[in-house]
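# Observations on the model geometry
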Amino acid sequence: MWRISKRWLQGLGLEFWLPLPLVAIVFWLGCSFIAAQELRQPYSTEKKLQSDTQLEARVSVNVLLINAAVNRTKRITQVEVETADPILKRLELELPTIEFSQIEATIAQQLGLPRQDVRKLVRYEVVD
């Protein structure tokens, strides 16, 4: 009887297909167990994305000219910096001051240049 049923199963290809649902159930249960174990682990929020911070980038460029348009009525200064860099040809800054010493100090700080170099390169235009 075993020989007949074995030949019959081989002929239909059922030797392969009959254990397949059992393998699938074992695989499903194993994956469910592993997923449940992983989901039970505490989640650390120490390394989270902060969107309220600004990224500060420092660029070292060769400055050719600094034009500062001082607007006395709005009490702001529009600054355009022309560079010799082929990629970054011009920088624009808006400063909330109209005092020349503060303008030079802020530009020096933003560009990472000595204040004496900024004083030599800056050209002022006063707008009322």
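A quick note: this is a predicted structure, and the numbers were derived from the prediction, not measured.

In terms of helices and strands, the chain carries 5 helices and 4 strands. Starting at the N terminus and walking to the C terminus, you meet the elements of the chain as α-α-α-β-β-β-α-α-β. Put simply, the chain has 128 residues, and 17% of those count as buried. Considering only residue pairs separated by 6 or more positions, the chain has 36% of its internal contacts joining residues 24 or more positions apart. Accessible surface, the chain: about 11,000 Å² in total, of which carbon and sulfur atoms supply 58%.

This part takes up the nonpolar core. Among the nonpolar cores identified, the biggest contains 16 residues, and Val63, Ile66, Val79, Val81, Leu95, Ile107 and Leu111 are the most heavily contacted of them. Those elements that provide at least two residues to this core are strand 1 (63-71), strand 2 (76-83), strand 3 (90-95) and helix 4 (100-111). Setting aside residues up to four positions removed in sequence, isoleucine 107 forms contacts with Ile66, Val79, Leu95 and Val118.

Attention shifts here to a nonpolar patch on the surface. Among the surface-exposed residues, Phe16, Trp17, Leu20 and Val23 lie close enough to one another that they form a single nonpolar patch of about 440 Å² accessible area. Contributing elements (two or more residues each) for the nonpolar patch: helix 2 (14-17) and helix 3 (20-40). Within the secondary structure, tryptophan 17 sits in helix 2.

Right, let's get into unusual backbone geometry. Here arginine 75, not a glycine, exhibits a phi torsion of approximately 60 degrees, which is positive. The topology assignment puts arginine 75 in the loop between strand 1 and strand 2.

Note that strand 2 and strand 3 share 6 bridges and pair antiparallel. Within the sheet, the bridge partner assigned to glutamate 82 lies in strand 3 and is arginine 90. A loop of 6 residues connects strand 2 with strand 3, the two strands running antiparallel in sequence.

The rules behind the values
- Residues numbered from 1 in each chain as written.
- Predicted model: local features only at pLDDT ≥ 70, side-chain atom pairs only at ≥ 80, totals over all residues.
- Heavy atoms only, no water.
- Helix = DSSP H or I, 4+ residues; strand = E, 2+ residues; numbered from the N terminus.
- Buried < 20%, exposed > 50% of the residue type's maximum accessible area, 1.4 Å probe, protein only.
- Contact = heavy atoms within 4.5 Å.
- Areas by Shrake-Rupley, 256 points an atom, 1.4 Å probe, with all protein chains shown as cover.
- Core = buried A, V, L, I, M, F, W, Y, C linked by side-chain atoms within 4.5 Å.
- Patch = residues over 30% accessible without salt bridge, like charges linked within 9 Å, V, L, I, M, F, W, Y side chains within 5 Å.
- Salt bridge = Lys/Arg side-chain N within 4 Å of Asp/Glu carboxyl O.
- Pairing = 2+ DSSP bridges.

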